[in-house]
Amino acid sequence: MRRLRACLGAAAAVTLAAAGTTALVASNASGATSALNNRWYAAAPYLMPLDNDPPDAAAIMDASGLKAFQLAFILAPNGGGCSPTWGGTASVSGDTAVQNVISTIRAKGGDVSVSIGGYGGTKLGQACADAASTAAAYQQVITKYGLHAIDFDLEEPEYENTAAVRNEIGAAKILQQNNPGLYVSVTTAGTADGTGWFGKQMLLEAKSQGFTPNNFSIMPFDGGFNGAASQTSALTNFNAILRSTFGWDEATAYAHEGFSGMNGRSDTGEYFSQADFQTVLDYATSHNMDRFTFWSLNRDRQCSPADNGGRTSGTCSSVAQNSWDFAKYSVKFAGATPPSTTPTPTPTPTPTPTPNSCKTAWSSGSVYTAGNEVSYNKHNWKAKWWTQNEVPGASEWGPWQDEGAC
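Cut-offs and rules
Residues numbered from 1 in each chain as written. Predicted model: local features only at pLDDT ≥ 70, side-chain atom pairs only at ≥ 80, totals over all residues. Heavy atoms only, no water. Pairing = 2+ DSSP bridges. Helix = DSSP H or I, 4+ residues; strand = E, 2+ residues; numbered from the N terminus. Axes fitted to C-alpha atoms, helices over the stretch in contact; angles between N-to-C directions. Buried < 20%, exposed > 50% of the residue type's maximum accessible area, 1.4 Å probe, protein only. Contact = heavy atoms within 4.5 Å. Polar contact = N/O pair within 3.5 Å; in protein donor to acceptor, adjacent residues only side chain to side chain. Phe/Tyr/Trp six-rings, centres within 6.5 Å; stacked < 30°, edge-to-face > 60°. Lys NZ or Arg CZ within 6 Å of the ring centre and 35° of its normal. Salt bridge = Lys/Arg side-chain N within 4 Å of Asp/Glu carboxyl O. Parallel < 35°, antiparallel > 145°, perpendicular 65-115°, else oblique. Left-handed = near helix turned anticlockwise from the far one by under 90°. Nonpolar A, V, L, I, M, F, W, Y, C, P; charged D, E, K, R; others polar. pLDDT = per-residue confidence, 0-100.

Caption draft 1: Here's a closer look at the sheet that holds strand 14 (residues 373-376). Ordered by their spatial adjacency, three strands build an open sheet running 14-15-17, and the pairing between neighbours is antiparallel. Two strands in the sheet have a free side with no partner beyond their single neighbour: strand 14 and strand 17 (400-405). Within the sheet, the average angular offset between the axes of one strand and its neighbour, ignoring direction, is 30°. Examined bridge by bridge, strand 14 and strand 15 (residues 379-383) share four bridges and lie antiparallel to one another.

Caption draft 2: View of the environment of D222. Along the chain, the position of D222 falls in the loop between strand 8 (215-219) and helix 9 (228-246). What makes D222 partly exposed here is its relative accessible area of 30%. For the pair D222 and R265, spaced 43 residues apart in the sequence, the C-alpha separation amounts to 9.8 Å. When near neighbours in sequence (up to four residues on either side) are disregarded, D222 contacts S266, D267, T268 and E270. At 3.1 Å, the side chain of D222 forms a polar contact with the backbone nitrogen of D267.

Caption draft 3: Region of the structure containing the packing of aromatic side chains. Under the definition given, this model contains 21 aromatic pairs. Of the aromatic side chains, those joined through ring pairs into one cluster are F259, F277, F292, F294, F326, Y329 and F333. One residue, R39, lies across the ring of F333, its end atom 3.7 Å from the ring centre.

Caption draft 4: Seen up close, the pattern of salt bridges. Throughout the structure, instances matching the rule amount to five salt bridges. Among the ionic pairs, R301 bridges to D53, the shortest N-O distance being 3.7 Å. Here D53 lies in the loop between strand 1 (46-47) and helix 3 (57-64) and R301 lies in the loop between strand 12 (291-295) and helix 12 (327-334), a separation of 248 residues in the sequence. What makes D53 exposed here is its relative accessible area of 51%.

Caption draft 5: Molecular detail of the packing of helix 11 (residues 274-286) against helix 12. Close contact between helix 11 and helix 12 brings their axes to 10 Å; oriented N to C, the two are set at 15°. Classed by the angle they form, the pair helix 11 and helix 12 counts as roughly parallel. For the pair helix 11 and helix 12, the crossing hand works out as right-handed. On the side of helix 11, the interface is formed by Q274, F277, Q278, L281, A284 and T285, while helix 12 contributes Y329, K332 and F333.

Caption draft 6: Main features of the packing of helix 6 (residues 131-145) against helix 7 (residues 162-178). Put simply, helix 6 and helix 7 touch, their axes get as near as 8 Å, and they point 55° apart. Classed by the angle they form, the pair helix 6 and helix 7 counts as oblique. Two packed elements cross with a definite hand, and for helix 6 against helix 7 that hand is right-handed. Across the interface between the two elements, A131, A132, T134, A135, Y138, Q139 and I142 from helix 6 touch R166, N167, E168, G170, A171, I174 and L175 from helix 7. Of the residues assigned to the contact of helix 6 with helix 7, the class counts are eight nonpolar, four polar and two charged.

Caption draft 7: Representation of the environment of T89 within the structure. Here T89 lies in the loop between strand 3 (85-86) and strand 4 (90-91). Spatially, the C-alpha atoms of T89 and A76 are 8.6 Å apart, while their sequence positions differ by 13 residues.

Caption draft 8: Broad picture of the confidence of the model for the protein. Confidence in the prediction of the protein, expressed as mean pLDDT, is 88, and 88% of residues score 70 or more. Here residues 1-30 is a poorly scored stretch, pLDDT under 50, and it has 91 contacts once near neighbours within four places are set aside; other chains count.

In structure tokens, the structure reads:
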């Protein structure tokens, strides 16, 4: 999802670490009072609070019984530097929008974890000088929002960068030490064999630093997967990787293993239905796995005909469903019982949209920066970050945001 301002100096970060800075909930501005059971943080599905047509978290809680949300993603600033932002554009220090979402969730008895990284963009582990300054940047997020949980989503292109992964794992270890009780998950790409070469190198880095999070989770989608059987096979293979890497027995490895799925149609055209989620949930609970989550709540609703349900969307699943069907599997993993019925709101007439005028046509040879608008394939598109020769719409998670038909 995601250049040259100076990072917080390593000396300052080390001073912060030595002081044992913790997320003192009582004094933070977000209104947190107490942590949820860790099982809820382990079940928290991903939610983009500022992008992809964010759904109403309170409505999801009422309809599904969900209590915890995994807010995504914290990145380095698009313009460079070692300070935390939402999506590379909205500074954490000046944020009120996400804080309001968190306050709403907490007012209803829920809580949030925050995820750093994701696919694409510049991660703090790439931008910051070392593990201490990376940790100091993340500590700002923990302190501002009074967090009890954090997720390190280490994937493209960061996990191919040895120094960046070393910074991220080192930062995770520092945060774990300085925030007693902090729930820490590490999420990375999944393959049929469990995880690929870069995922295995990340595990070896964690072993070399003596770092053990609550779990290592894999994402078994976008890699030639086909339904639940291929996902549970990958989870079995990943368990073997954890055992061989850390010297754990099978049960210990499962207790530190997690699943992060994708509901509905994946980026590469795989489909994962409600039945697939139930099968993986049964596998996770029967093996006493630590985490079961998915990408994303923004997608946990049925596409309208105008959305073209045959493509991957950031705002709907492209499979037949009721809103928040997939969230209910997270609720079950947390040990709660979802509501038996979902309230049906009174429908309101939808006005026929007036097509927008088309912007200047996209050109493969032109350079575009964040905010530039073009037209392509009868849709307008807005650049999320610097890009050249990347076709609008080629990837849902690419540099272009679809602004609708024109």
